[in-house]
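Each chain, letter by letter, is given below.
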Amino acid sequence: DSRLWFTQDDGAHWDNVTPPGLGPWSKVDTIGADPHDPASAYVAIDRHQVDDFKPYVYITHDAGKHWRQAAQGIPDGDYVRVVRADPERKGLLYAGTEFGLYITLDRGGKWEKFMNNYPTVRTDDILIHPRDGDLIAASHGRSIWIADDITPLQQWNAQVAASDVTLFDVRPAVAYHSDSLLDSATGGEKQFEGENPLRGTAIQFYLRS
């Protein structure tokens, strides 16, 4: 509730590291640690309940001694709920807002929408699957959404952008053998399941042309 605290001794002592100028009644929605730097964190602030609908993302790289606001590219009215850092690529961040998803490739220098077929919906949390490299978004009342294999985002850089063609790493695939008896079986209960990705290997590439 308008304050941020930091401890380095398992909670025995806490230091007030609230960003300067953070107004009263500012709700600290989430604090996202940086997996590449223990002194870096990303904080989503929500002030819509005091009629301030601007997006607020605060970033620190020195354990809260200094902060900078980094919400450029997220429009007013689309206030931020969560910010998470990519575990593979340093500087790649994901933001869940009141109306969708955003990404930044430069640690919050500029945010861009990352929606595709994702619905216009409040996003409460984001997880990058540690094994599969999928982006998993928890929406408010519209289910769990998964962007399969974000390897191209993780491997994108200036060299890729300048190249004529780039083949991104292909993740291991599974060769399935269907059980015909299981596929034809029916039971009395209903089975509820989400949409699964297509079987086989997805090959992702970039063509500058």
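Everything quoted here is computed from the prediction, not taken from an experiment. (Residues numbered from 1 in each chain as written. Predicted model: local features only at pLDDT ≥ 70, side-chain atom pairs only at ≥ 80, totals over all residues. Heavy atoms only, no water.)

A.B. asks: If you had to explain the sheet that holds strand β11 (residues 123–128) to someone new, which residues and values would you point to?
C.D. replies: Spatially, three strands are ordered β11-β12-β13 in an open sheet, and the strand pairing comes out antiparallel. The open sheet terminates on both sides in strands that have one partner only, identified here as β11 and β13 (144–147). Pairwise comparison of adjacent strand axes, ignoring direction, gives a mean angle of 20 degrees for this sheet. Of the pairings in the sheet, the one linking β11 to strand β12 (residues 135–139) comprises five bridges and is antiparallel in character. Directly across from aspartate 125, in β12, lies its bridge partner alanine 138. (Pairing = 2+ DSSP bridges. Helix = DSSP H or I, 4+ residues; strand = E, 2+ residues; numbered from the N terminus. Axes fitted to C-alpha atoms, helices over the stretch in contact; angles between N-to-C directions.)

A.B. asks: How would you sum up the pairing of strand β4 (residues 41–46)? Please name residues and give values.
C.D. replies: Among the six residues of β4, six are classified as buried, and the element is accordingly described as predominantly covered. Residues Ala41, Val43 and Ile45 of β4 are buried on one face, and the alternating residues Tyr42, Ala44 and Asp46, pointing to the opposite face, are buried as well. Two strands pair when backbone bridges link them, and strand β3 (residues 27–33) and β4 are joined in this way by six bridges, in the antiparallel orientation. Each residue of the ladder has a partner; that of isoleucine 31, found in β4, is valine 43. As defined by bridge partners, β4 adjoins strand β5 (residues 56–60) across five bridges and the pair is classed as antiparallel. Considered in β5, the bridge of alanine 44 is made with valine 57. (Buried < 20%, exposed > 50% of the residue type's maximum accessible area, 1.4 Å probe, protein only.)

A.B. asks: Go over the layout of surface pockets, please, and point to the residues and values.
C.D. replies: Looking at the largest pocket, its volume works out to about 1500 Å³. Residue lining of the largest pocket: 41 residues in total, with Asp134, Asp148, Asp149, Arg171 and Pro197 positioned closest to the centre. Those elements that provide at least two residues to the lining of the largest pocket are β12, β13 and α1 (151–155). Split into classes, the residues belonging to the lining of the largest pocket amount to 18 nonpolar, twelve polar and eleven charged. (1 Å grid on protein atoms, 1.4 Å probe; cavity = no way out; pocket = protein on both sides within 12 Å on 5 of 7 lines; lining within 4 Å. Points joined across faces, edges and corners; volume = space filled by probe spheres on them. Nonpolar A, V, L, I, M, F, W, Y, C, P; charged D, E, K, R; others polar.)

A.B. asks: Requested: an account of the environment of proline 38, with residues and values cited.
C.D. replies: Mapped onto the fold, proline 38 is located in the loop between β3 and β4. Along the primary structure proline 38 and methionine 115 are separated by 77 residues, whereas in three dimensions their C-alpha atoms are 30 Å apart.

A.B. asks: Tell me what's going on with the packing of aromatic side chains, and back it up with residues and numbers.
C.D. replies: Under the criterion given, the structure shown has three aromatic pairs. Relative to tryptophan 145, the ring of tyrosine 118 has its centre 5.8 Å away and its plane inclined at 80 degrees; by these criteria the two rings are edge-to-face. Highlighted residues: tyrosine 118 in the loop between β10 (112–113) and β11 and tryptophan 145 in strand β13, separated in sequence by 27 residues. Taking the relative accessible area as the measure of exposure, tryptophan 145 reaches 28% and is therefore partly exposed. Relative to tyrosine 206, the ring of tryptophan 156 lies with its centre 4.9 Å away and its plane at 85 degrees, an arrangement referred to as edge-to-face. With tryptophan 156 in the loop between α1 and α2 (158–162) and tyrosine 206 in strand β15 (residues 205–207), the pair connects residues that are 50 residues apart, well separated along the chain. With relative accessibility at 26%, the residue tryptophan 156 sits in the partly exposed group. (Phe/Tyr/Trp six-rings, centres within 6.5 Å; stacked < 30°, edge-to-face > 60°.)

A.B. asks: Outline the pattern of salt bridges, listing residues and values.
C.D. replies: By the definition in use, this model includes twelve salt bridges. When the shortest N-O distance is used, the salt bridge between aspartate 29 and lysine 27 registers 3.4 Å. Given the relative accessible area of 40%, lysine 27 is considered partly exposed. Across the pair aspartate 134 and arginine 171 runs a salt bridge, and its minimum N-O distance is 2.8 Å. Of this pair, aspartate 134 sits in the loop between β11 and β12 while arginine 171 is found in the loop between β14 (165–167) and α3 (180–184), placing the two residues 37 residues apart along the sequence. (Salt bridge = Lys/Arg side-chain N within 4 Å of Asp/Glu carboxyl O.)

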